[in-house]
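# Results of the structural survey
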Amino acid sequence: MGKRSRQRQKNQNAGRDNRDNAGWGAGYADIVKENKLFEHYYKEQGLVPEGEFTQFMEAMREPLPATIRITGYKSHAKEILHCLKDKYFKDIQELEIDGQKIDAPQPLSWYPDEQAWHTNMSRKIIRKSPLLEKFHQFLVSETESGNISRQEAVSMIPPLLLKIEPHHKILDLCAAPGSKTAQLIEMLHSDMDVPFPEGFVIANDVDNKRCYLLVHQAKRLNSPCIMVVNHDASCIPTLYIDSEGKRDVLFYDRVLCDVPCSGDGTMRKNIDVWKKWTTSNSLHLHGLQLRIAVRGIEQLAVGGRMVYSTCSLNPIEDEAVIAALLEKSEGALELADASADLPGLKWMPGVTSWKLMTKEGQWYSDWSEVPSGRRTQIRPTMFPPKDPAKVASMHLERCMRILPHHQNTGGFFVAVLVKKAPMPWNKRFPKLRKDVSSRSAAQTEGSPAASSPADAPCLLPEGSPEEEEEEGGGPAGKVDGEAEQEAPPGASVAQEAGAKQDVVCGPPPSKKLRLFGYKEDPFVFLTEDDPVFTTIQSFYNLSPDFPKLNVLTRTHDGKKRHLYMVSKELRNVLLNNSERMKVINTGVKVWSRNSDGEEFGCAFRLAQEGIYSLQPYIRSRIIRVSVEDIKVLLTQENPFLSKLENDAHTQAKQMGMGSIVLKYIPNPNNPTEPQCPIQLCGWRGKTSIRAFVPRNERFHYLRMLGVEVFRDKPGQGQKRRDGEKEGKEGVEEEEVEEEGAAAENEAEMENGEENGSSQPKTDSGNKET
């Protein structure tokens, strides 16, 4: 056994060496980037312009360029871009490694304000040069602090086409892992002077575990306007809100429908797709994609905009879904022309004819050709419409297909739909079934445009949360299987739904009893007269317009460990739908309990995550600091008050012990200093002062102030002595133990043990440096 174990260890080490030396694609040496069926299929479909197919296949075999996006909503975005251009990109332009000239990162021509960049540098190249290693560390650190996102270029397109405004209510149906969701949040916060935009994002995913990945992504952006929920997108429940004392259906201004797909556009990064690709993948997914798209359209407000996207090039998953959606809508939907929205982006127009192929190689161009034995797998909506007038009216050429060889990207498909009127089954269904119980009436969209106010009670029954659980079972949700028969529109749709009502007695108990995933702690909103606010109000001198009702905690009983804030609109959604939806996470942390703080006047200290949302309401405990003050606070563990400059020192001396805000206001007359406001949480001790900032955020602020930050490789940190840089690193490593790890806790299941009381004791327990 011992010999066998040693041999196994030797083989593992050899494999690791091979991966290290292989550069891109390491670990996939046994996967040959060839798939004859794939080539044959796409040649026959004619999606690639004539004479370009060889280039197309060569591009598919090349590694995908790394792309980064600078978060647009933070006022620090310009500073990060300035830092990237001046400190990293300039040096990379003249860099050679092993005689190979490194291509400098270039901005994506179609992304606004140079906020997205791409580069061909591989991990192997980054490891070979100390300069590039610093660049890599910069990217990792800024990504963790939420200032940069590493995201595939084509994945950035759908949120841009949605044209988000700060007041929009947005639904992201299939949101995990969350890179597009992060873009949506950034767009909501385009004006940093507004701490609580009117709009919000509800990000949904069917996979409970992937929802926590989504939470992790959203947490980096510290927004009070995001809620993560866990539902099947094809039957996501209709939500209600309280509008001027009336109970209304929540319709969304924008819906992002980035559906599950076969992923053949991702072959450049997901190399195993070469081996696994087959035409049956798209046949299996088409029905689900159509059901999700229909449900998204139902939830969209009239006049709203939905973007449908896939990372597949297959027309069965792309144009076929859009054509079926347009046909079912009977004129209620329109394909928008987005050609002018992203100047510089190269794309191919959607196609109006395509064929269907089985994995055995059998081709079908029309539903009538499909043998009866195949008709359960192959559906009529997979084929292009035959009527030339109908095809012309659909304007399928407005769909956008991005091919990899045009701009060195992945493959992608995107279509923009605008809702002109309620969907036909939502208009007719209540009129045909006025005698039905509130149970079946609840399955309608309930659009204000669909019925008169007198009909509203029929559409929007009070109570009965189960009704909405069956939302996908009505005429809207059942767009696959038997419902795909091209029956006459109108009455037949209602009859089919009525028939379903007769045989279905209720939703599956698992949905009602929440038997899946982790059990989430409750979301409990505080009242305005909650005793918690007594000391907080006086200690921080909160302004009268502070929205106390928007503060929540995650426990009914015992002491409140953490206090969170959500926007007024999200509070409305939470209060009216607690039994209808499974909420994984929402809110941004603004206060954490500090047992030691009670003796100083307040049991809650400020949390860095929510400081930008909370600070506009705080009127005391604020110390204005200079650039030099921030450098001292971020590079020293517990500096004495005397280390601060005179102005900040005077302010600190006049302030009692406890939690504080350290605020930097930019000076427009001094362009060498950062031109964005900086707000840090801190603690005023007896003779010292300290910043409570997670490690990666410290790195971020120090870089903006012009301080070079470079972390030693593992094993070298023990050699630190008394150089300024080494001392600074020591601070950061300790800080992550106390604050950073807690702030980045991915699960954020809000049990509070990890970040409960470690931080409050730092002031009274730590030694002065």
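Scoring rules and cut-offs
- Residue numbers here run from 1 along each chain, matching the order of that chain's written sequence.
- The predicted origin of the model limits local features to residues at a pLDDT of at least 70 and limits the giving and counting of side-chain atom pairs to 80 or more, whereas totals for whole chains, interfaces and linings rest on all residues.
- Where side-chain values are given, they derive from all heavy atoms of the structure, hydrogens and water being excluded.
- The way it works is that DSSP assigns letters per residue, a run of H or I at least four long becomes a helix, a run of E at least two long becomes a strand, and they are numbered from the N terminus.
- Here's how the labels work: a residue is buried when its accessible area is under 20% of the maximum for its type, exposed when over 50%, partly exposed in between, all with a 1.4 Å probe on protein chains only.
- Residue contacts follow a heavy-atom distance rule, with two residues in contact if any of their heavy atoms lie within 4.5 Å.
- Note that accessible areas follow from Shrake-Rupley with a 1.4 Å probe, and for residues the cover is restricted to the protein chains shown.
- In this context, the arc is that of the directions from the helix axis out to the C-beta atoms.
- The disulfide definition used here is simple: a pair of cysteine sulfur atoms within 2.5 Å.
- By definition, a salt bridge exists where a carboxyl oxygen of Asp or Glu is found within 4 Å of a side-chain nitrogen of Lys or Arg.
- Side-chain rings of Phe, Tyr and Trp (the six-membered ring for Trp) are treated as a pair once their centres are within 6.5 Å; stacked means planes under 30 degrees apart, edge-to-face means over 60, and tilted covers the remaining angles.
- Geometrically, a lysine NZ or arginine CZ counts as sitting over a ring once it is within 6 Å of the ring centre and also within 35 degrees of the ring normal.
- Here, nonpolar core refers to any group of buried Ala, Val, Leu, Ile, Met, Phe, Trp, Tyr and Cys residues whose side-chain atoms link them within 4.5 Å.

### A few points about the overall build of the chain
Secondary structure summary: the chain contains 28 helices and 29 strands in total. By residue count, 56% of the 769 residues in the chain fall in the buried class. Pairs at least 24 apart in sequence give 76% of the contacts found in the chain among residues at least 6 apart. Only carbon and sulfur atoms are counted for the fraction: they give 49% of the accessible area of the chain, which is about 32800 Å².

### Side note on the side chain of Gln 679
Structurally, Gln 679 is set in strand 28 (residues 678–684). Filtering out sequence-adjacent residues up to four positions away, Gln 679 remains in contact with Gln 608, Ile 611, Tyr 612, Gln 615, Leu 662, Lys 663 and Tyr 701.

### Examining helix 25 (residues 646–653)
For helix 25, every residue scored as buried is listed here: Ala 648, Gln 651 and Ala 652. Within helix 25, the buried residues cover an arc of 100° as seen down the axis, which keeps them to one side. Projecting away from the buried face of helix 25 at angles above 90 degrees are the exposed residues Asn 646 and Lys 653. In this structure, the buried side of helix 25 is in contact with strand 26 (622–624), helix 24 (627–635) and strand 28.

### Topic: the state of the cysteines
Going through the model one piece at a time under the given rule, you end up with zero disulfides. Cys 174 forms no disulfide, and the closest cysteine sulfur to it belongs to Cys 257, at a distance of 5.9 Å.

### Some words on the pattern of salt bridges
The tally for this structure, following the rule as stated, stands at 24 salt bridges. Where Lys 169 meets Asp 253, a salt bridge forms, and the shortest distance between an N and an O atom there is 3.8 Å. With Lys 169 in strand 7 (residues 169–172) and Asp 253 in strand 12 (residues 252–258), this pair connects stretches of sequence that are 84 residues apart. Connected through shared salt-bridge partners, Glu 34, Glu 39 and Arg 61 make up one network.

### Re the packing of aromatic side chains
One pass over the structure, following the stated rule, counts 18 aromatic pairs. With centroids separated by 6.1 Å and ring planes inclined at 45°, the aromatic side chains of Tyr 42 and Trp 277 adopt a geometry described as tilted. One end of the pair, Tyr 42, is in helix 2 (residues 36–45); the other, Trp 277, is in the loop between helix 10 (273–276) and helix 11 (280–299), with 235 residues separating them in the sequence. Judged by relative accessible area, which is 4%, Trp 277 ranks as buried. A centroid spacing of 6.5 Å and a plane angle of 25° characterise the contact between Trp 683 and Phe 692, whose relative ring orientation is stacked. In this structure, Trp 683 and Phe 692 share a single accessibility class: buried. Cation over ring: Arg 375 sits above Trp 367, and NZ or CZ is 4.3 Å from the ring centre. Across from the ring centre of Phe 523, 3.7 Å away, lies the NZ or CZ of Arg 554, which sits over that ring.

### A closer look at the nonpolar core
One finds Trp 110, Ile 202 and Ile 322 to be the most contacted residues of the largest nonpolar core, which totals 124 residues. Contact partners of Ile 322, with chain neighbours within four places excluded, come to Tyr 308, Leu 335, Leu 396, Cys 399, Phe 413, Ala 415 and Leu 417. Grouped together as the second largest cluster of nonpolar side chains are 27 residues, Ile 660, Tyr 664, Cys 676 and Val 693 included.

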